[in-house]
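# Close look at the chain arrangement
One-letter residues, chain by chain:
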Amino acid sequence: MYELKKLSRVYPKGRGKVAALSGVDLEIPDGEFITVQGLTGHGKTTFLLMLGALDKPTSGKIIFDGKDLGAMPESQLVDVRAQNFGFIFQNYNLLPTLNAEENVEAALVPLGIPTAERRARSIAALTEVGLGDRVGHFPSEMSGGEQQRVAIARALVKEPKVILADEPTGNLDEVTSLEIVALMEKLWKQRGMTLVLVTHDTKVARRAPRTAVITKGKLTMRDNRAPKVITQGPPGAAKPAGAPKPA
Ligand SMILES: Nc1ncnc2c1ncn2[C@@H]1O[C@H](COP(=O)(O)OP(=O)(O)O)[C@@H](O)[C@H]1O
Ligand SMILES: [Mg+2]
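Residues numbered from 1 in each chain as written. Chains lettered and ligands numbered in written order. Predicted model: local features only at pLDDT ≥ 70, side-chain atom pairs only at ≥ 80, totals over all residues. Heavy atoms only, no water.

### Considering the sheet that holds strand β4 (residues 59–64)
The sheet built from four strands is open, its strands ordered β2-β1-β4-β5 with antiparallel pairing. Each edge of the open sheet carries a strand with a single partner, namely β2 (16–28) and β5 (67–68). Here β4 pairs with β5 via two bridges, running antiparallel. Within β5, the residue paired with Ile63 across the bridge is Asp68. (Pairing = 2+ DSSP bridges. Helix = DSSP H or I, 4+ residues; strand = E, 2+ residues; numbered from the N terminus.)

### Description of the nonpolar core
If you look at the biggest cluster of nonpolar residues, it comprises 35 residues, and the most contacted ones within it are Val150, Ile152 and Met184. At the level of elements, α3 (100–105), α4 (115–128), α5 (144–156), β7 (162–166), α6 (174–191) and β8 (194–198) are the ones that each hand at least two residues to this core. Residue contacts for Val150: discarding those within four places in its chain leaves Leu94, Ala100, Asn103, Val104, Leu126, Leu131 and Met142. One finds Val36, Leu69, Met72 and Val162 within the second-largest nonpolar core, a separate group that totals 29 residues. (Core = buried A, V, L, I, M, F, W, Y, C linked by side-chain atoms within 4.5 Å. Buried < 20%, exposed > 50% of the residue type's maximum accessible area, 1.4 Å probe, protein only. Contact = heavy atoms within 4.5 Å.)

### Section: the pairing of β4
Relative to β4, strand β1 (residues 2–13) runs antiparallel, the two sharing five bridges. Each bridged residue has a counterpart across the sheet, and for Tyr2 the counterpart in β4 is Phe64. Taken together, β4 and the strand that follows it, β5, pair antiparallel across an intervening segment of two residues, in which Asp65 is found at a positive phi of about 45°.

### Side note on unusual backbone geometry
Of note, the phi angle at Ala53 is positive, near 55°, even though the residue is not glycine. You can see Ala53 is positioned in the loop between α1 (44–51) and β4. Here the phi dihedral of Asp65 falls at roughly 45°; this positive angle occurs in a residue that is not glycine. Relative to the elements of secondary structure, Asp65 occurs in the loop between β4 and β5.

### With respect to the packing of aromatic side chains
Inspection of the entire model under this criterion finds five aromatic pairs. Judged by centre distance (5.0 Å) and plane angle (50°), the rings of Tyr2 and Phe64 are tilted. Placement of Tyr2 in strand β1 and of Phe64 in strand β4 is noted, with a sequence separation of 62 residues between them. The class for Phe64 is buried, based on a relative accessible area of 0%. A centroid spacing of 6.4 Å and a plane angle of 15° characterise the contact between Tyr2 and Phe85, whose relative ring orientation is stacked. Remark: Phe85 occurs in strand β6 (residues 85–89) and Tyr2 occurs in strand β1; sequence separation between them is 83 residues. (Phe/Tyr/Trp six-rings, centres within 6.5 Å; stacked < 30°, edge-to-face > 60°.)

### Structural notes on the side chain of Asp55
Here Asp55 lies in the loop between α1 and β4. With a relative accessible area of 17%, Asp55 lands in the buried category. Residues contacting Asp55, with those up to four places away along its chain left out, are Arg9, Tyr11, Leu49 and Met50.

### Let's talk about the site of ligand 1
As a structural note, the neighbourhood of ligand 1 is formed by Tyr11, Val18, Ala20, Leu39, Thr40, Gly41, His42, Gly43, Lys44, Thr45 and Thr46. At a separation of 3.1 Å, an oxygen atom of ligand 1 approaches a polar backbone atom of Gly43. Between an oxygen atom of ligand 1 and a side-chain N or O atom of Thr46, the distance comes to 2.6 Å. For ligand 1, the accessible surface in isolation is 560 Å², of which the surrounding protein chains cover 63%. (Near = heavy atom within 4 Å. Polar contact = N/O pair within 3.5 Å; in protein donor to acceptor, adjacent residues only side chain to side chain. Areas by Shrake-Rupley, 256 points an atom, 1.4 Å probe, with all protein chains shown as cover.)

Structural data, given as structure tokens:
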């Protein structure tokens, strides 16, 4: 569970400053799937970096499971991240010199898990994302969609409480994008983890119950499950979408 209180992140820019996030108040309950939308440069990545404790607020608080992430020393944050947060990036961020299985295994090294168990869990995670027959392939031998599946397996293998995905389909064609989003949704449903997914695609964004819309660092929540209202005739004649048409 996240509690964000007046969370702000200001960066220096030239002689001035830019508020990448300003005054964000939000709660994210455990197990929720939220999407994040907004124009380029409006603060989406900054928001995700805060949730993943990869950056600290300049003011306000970000509390995860009762812990104030902004106030924790880096030595403790390393463990919090390794145990709780799985990251998925637009560029996959796989290590080119490691094969698929070794890339996934790398996520388990900081947790001090013995080698044999690391291998078994990595192969199981790759099988779960549909790459059971590619465990020995290197990133350069795989398509973009396959590389992103490896990255998903790497995020998943440590069984994190939260998956943070920053435009994970930004480099993929439409068909592959849909496959990747469907895979992430399936894993979210099966595992009950919190999923925060940044996307440019409104169709994808609306698959989640709520969307965080970030505009110039300010965040507003959009409820995607609210019935759409079609206004016909005089005010007050609003009907929910799908209501039978009058004969
Ligand atoms: N490390 C940084 N140093 C200075 N400015 C930054 C840094 N990271 C992001 N910014 C600025 O913060 C704003 C939000 O950036 P970002 O969160 O990356 O946006 P988005 O992911 O929505 O494209 C932009 O104006 C960007 O230039
Ligand atoms: Mg970004």
